[in-house]
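The primary structure of each chain is shown beneath.
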Amino acid sequence: MFITPAFAQTATGSAPGGSEFLIQLLPFVLIFVIMWFLILRPQQKRAKEHREMIKNVRRGDTIVTSGGLIGKVSKVTDDAEVQVEIADNVRVRLARGMIAEVRTKGEPVKTEAP
C-alpha cells in the first residue's frame, strides 16, 4: 500500500548500478575502440614507416624537406644529420627529422677496397 511502483521496480535484490553501469559504459568503450582503429593505429604505422625511411637515407637520394626544399643527399655525416646539395655547389646540413619524403633512391654505399 505504501510502496510506490518506482521503489518496487528497483528493489530486485541486486546491487544498485551493477549491470546498468556496464551497459552505460559500453558506448564509451566502443567509441574508444573505433577511434583506436581509425585514428591512432594508422598514425602509429605512418610514424614507424617515416622512422624507417629516415634511417635508410643514403648518399645520392633525392629528398624533400619538411620546408619544401628538394635536394640530393651528398654526405651522411652521422645519425642526426645529413648534408644536402640544394643547388650547384650549395650544400646545407639538415637534421634527419626534417626529411619529409625520399623521392628517388641513390647509388649504393661504396665499400673501401683493402
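Rules used in this analysis
- Residues numbered from 1 in each chain as written.
- Predicted model: local features only at pLDDT ≥ 70, side-chain atom pairs only at ≥ 80, totals over all residues.
- Heavy atoms only, no water.
- Pairing = 2+ DSSP bridges.
- Helix = DSSP H or I, 4+ residues; strand = E, 2+ residues; numbered from the N terminus.
- Axes fitted to C-alpha atoms, helices over the stretch in contact; angles between N-to-C directions.
- Core = buried A, V, L, I, M, F, W, Y, C linked by side-chain atoms within 4.5 Å.
- Buried < 20%, exposed > 50% of the residue type's maximum accessible area, 1.4 Å probe, protein only.
- Lys, Arg positive; Asp, Glu negative; His and termini not counted.
- Salt bridge = Lys/Arg side-chain N within 4 Å of Asp/Glu carboxyl O.
- Polar contact = N/O pair within 3.5 Å; in protein donor to acceptor, adjacent residues only side chain to side chain.
- Contact = heavy atoms within 4.5 Å.
- UniProt positions renumbered as here; feature names shortened; annotations may be inferred.

Trainee: Outline the sheet that holds strand S1 (residues 62-65), supporting the account with residue identities and numerical values.
Mentor: An order of S4-S3-S2-S1-S5 is seen for the five strands of this open sheet, with the pairing classed as antiparallel. Two strands bound the open sheet, and with one partner strand each, they are strand S4 (90-95) and strand S5 (99-104). Within the sheet, the average angular offset between the axes of one strand and its neighbour, ignoring direction, is 45°. In this sheet, S4 lies alongside strand S3 (residues 81-87) in antiparallel orientation, the contact comprising six bridges. The partner of Ala87 across the bridge, within S4, is Val90.

Trainee: Which residues make up the nonpolar core, and what values do they have?
Mentor: Counting residues in hydrophobic clusters, the biggest one holds nine residues: Ile54, Val57, Ile63, Val73, Val82, Val84, Leu94, Ile99 and Val102. Where this core is concerned, the elements lending two or more residues are S3 and S5.

Trainee: Give me the lowdown on the side chain of Arg96, citing residues and values where you can.
Mentor: Summarising the element assignment, Arg96 is placed in the loop between S4 and S5. Here Arg96 is buried and forms no salt bridge, its nearest opposite-charge partner Asp79 lying at an N-O distance of 5.3 Å. Here Asp78 takes part through its backbone oxygen, which lies 3.5 Å from a polar atom of the side chain of Arg96. Setting aside residues no more than four positions away along its own chain, Arg96 makes contact with Ile54, Lys55, Val57, Val76, Asp78, Asp79, Ala80, Glu81 and Val82.

Trainee: So what's going on with the UniProt feature "transmembrane region" (unreviewed entry) in the protein chain? Residues and values would help.
Mentor: The feature "transmembrane region" (unreviewed entry), as given by UniProt, occupies residues 21-40 in the numbering adopted here. The distance separating the terminal C-alpha atoms of residues 21-40 is 27 Å; by composition the span is 100% helix and 0% strand.

Trainee: Describe the pattern of salt bridges, listing the residues and the values that go with them.
Mentor: All chains considered together, the criterion is met by four salt bridges. One salt bridge in this structure joins Arg91 and Glu85, with 3.7 Å as the shortest N-O distance.

Trainee: Describe the side chain of Asp61, and please don't skip the residues or the numbers.
Mentor: Note on placement: Asp61 falls in the loop between helix H2 (18-55) and S1. Despite its burial, Asp61 remains without a salt bridge, the nearest opposite charge being carried by Arg58 at 4.2 Å. At 2.9 Å, the side chain of Asp61 forms a polar contact with the backbone nitrogen of Arg58.

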